[in-house]
Amino acid sequence: MMRCLTLYSEGSHRWLLFGQDTDASPTVIDTNHLAVCADNAAMLLDPGGMEVFPAVLGAMVHQIDVAAVQHVFLSHQDPDVGSALPLWRQVVAPGATIHAPALWTRYIAHFDAEAVLTPIADEGGEVALSPSVKVRLLPAHYLHSSAAFCVYDPRARILFSGDIGASLLPAGAARDIWVQDFAGHIQYMSGFHRRYLGSTEARDAWIDSVMHLPIDILVPQHGLAFRGPDVMRFLDWLSSLPIASGLEAYRRTPGLPPGASRPVPASKR
Ligand SMILES: [Fe+2]
Ligand SMILES: [Fe+2]
């Protein structure tokens, strides 16, 4: 059974979070899926993989008119983000605009070659759900994917951050939707961020770009969401985290000389 939580509701403007499917296979990473609604339109954010399609759709039909799904957003190219795209497109929303990073359109086509994708330029963009509700697509490149985007709703003050902020909780752990104890939550985020995020420069640029946005809720694609002061606690924590830990493998790999030498550029010889 997939849980559903209303993150924001003001008239027809709503943010709904679907996740923590208790029937999900333990072999697949747990994912969050969002629906943003305004007037007669709905936008799905990271609708998810093939494996969870029945559970997400089953939960969603109780909450929204799925015929109103006019937009589908894929934060990046990963299968947990959108490998169910052909099912959403064919079964639920044949006329929806599918927003996907321009860099990845020909890769996403391996899930669904028939889909007409609307490429998101590196600079991001905006999607209007109604005359008064517009969401912004903000760059999150290299975090972790080479082309990735977040979705920010200035009216609801919600940031959907994709894989940034993800946490992996132990199977069967009693959990809320929200982070309740930030210090205690760090253990579930650390490994993911250290290894999946590869660029300190990109991390710093992203933090600078979102730091001054009013954000009441930050919700990642995996694990628990942050609200209130925990949003800034998370950005603070992330800003000083050592990342790109995969580089350590070069030192551990047998046969590679320690500090393996690179060709010295002619200018430095
Ligand atoms: Fe990912
Ligand atoms: Fe993910």
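This report concerns the structure included in the present document.

### As for unusual backbone geometry
- In this structure, His144 follows Leu143 across a cis peptide bond, with omega equal to -5 degrees.
- Structurally, His144 can be placed in the loop between β9 (134–139) and β10 (149–153).

### What to know about the sheet that holds strand β12 (residues 217–220)
- Strand order in the open sheet formed by six strands is β8-β9-β10-β11-β12-β13, with mixed pairing between adjacent strands. Both outer strands of the open sheet, β8 (125–128) and β13 (226–227), are each paired with one neighbouring strand and no more.

### So, the environment of Thr6
- Among the secondary structure elements, Thr6 is positioned in strand β1 (residues 3–10).
- Each C-alpha atom of the pair Thr6 and Leu34 lies 9.8 Å from the other, and the pair is 28 residues apart in sequence.
- Excluding residues that lie within four positions of it along the chain, Thr6 makes contacts with Arg14 and Leu16.

### Looking at the pairing of strand β4 (residues 41–45)
- The buried fraction of β4 amounts to four of the five residues, a majority that puts the element mostly inside the structure.
- Relative to strand β5 (residues 69–73), β4 runs parallel, the two being bridged by four bridges. Across the sheet, the residue bridging to Ala42 is Val69, located in β5.
- Traced from β4 through helix α1 (residues 53–60) to β5, the parallel crossover comes out right-handed.

### Digging into the sheet that holds β5
- Spatially, seven strands are ordered β1-β2-β3-β4-β5-β6-β7 in an open sheet, and the strand pairing comes out mixed. Whereas interior strands pair on both sides, the edge strands pair on one side only; in this sheet they are β1 and β7 (117–120). Pairs of neighbouring strands in the sheet enclose a mean axial angle of 20 degrees, with direction left out of account.
- Strand direction decides the pairing type here: β1 and strand β2 (residues 13–19), joined by seven bridges, are antiparallel. Pairing of Tyr8 across the sheet is with Trp15, part of β2.
- Docked against the sheet, α1 engages β1, β2 and β3 (33–38), running at close to 145 degrees with respect to β2.

### Thoughts on the nonpolar core
- Core analysis: the largest hydrophobic core is formed by 68 residues, its most contacted members being Leu34, Val36, Leu218 and Val219.
- At five residues, the largest contribution of residues to this core is made by β3.
- Residues in contact with Leu218, not counting those within four places in the same chain, are Leu159, Ser161, Gly165, Ala225, Phe226, Val231 and Phe234.

### Observations concerning the environment of Ile217
- Mapped onto the elements of the fold, Ile217 is located in strand β12.
- Ile217 sits in the buried class, given 21 other C-beta atoms within 10 Å.
- Put simply, Ile217 and Tyr8 are 209 residues apart on the chain and 9.4 Å apart in space, counted from C-alpha to C-alpha.
- The residues contacting Ile217, other than those within four sequence positions of it, are Leu7, Ile158, Ala225 and Arg227.

### A closer look at the pairing of β5
- Within β5, four of the five residues are buried, which leaves it mostly tucked inside the rest of the structure.
- The pairing of β5 with strand β6 (residues 97–101) spans three bridges and is classified as parallel. Paired with Val72 across the bridge in β6 is Ile98.

### Focus: the environment of Ser145
- By secondary structure assignment, the location of Ser145 is in the loop between β9 and β10.
- What makes Ser145 buried here is the crowd of 21 C-beta atoms within 10 Å.
- Through-space distance from the C-alpha of Ser145 to that of Asp204 is 15 Å; in sequence the pair is 59 residues apart.
- Other than its neighbours up to four places away in sequence, Ser145 contacts His76, Gln77 and Asp78.

The rules behind the values
Sequence order as written defines residue numbering, which begins from 1 separately in each chain. Chain labels run from A onward and ligand labels from 1 onward, assigned in the order the entries are written. It should be noted that, the model being predicted, local features are given only for residues of pLDDT at least 70 and side-chain atom pairs only at 80 or more, the latter also being counted only at that level, while totals for whole chains, interfaces and linings use all residues. A run of H or I in DSSP becomes a helix once it reaches four residues, and a run of E becomes a strand once it reaches two; helices and strands are each numbered from the N terminus. Two strands form a pair only when DSSP identifies at least two bridges running between them. In this description, a residue-residue contact is defined by the distance between C-beta atoms placed from the backbone, which must lie within 7 Å. Three exposure classes are used, based on other C-beta atoms lying within 10 Å of a residue's own C-beta, which is placed from the backbone: buried for 20 or more, exposed for 12 or fewer, and partly exposed in between. Assignment of crossover handedness uses the view with strands pointing away from the viewer, where a clockwise path from the first strand over the helix to the second indicates a right-handed crossover. The angle between two axes is taken between their N-to-C directions and runs from 0 to 180 degrees, where each axis is a line fitted to C-alpha atoms and a helix contributes only its stretch in contact. Only buried residues count toward a nonpolar core: Ala, Val, Leu, Ile, Met, Phe, Trp, Tyr and Cys, linked into one set through C-beta atoms within 7 Å.

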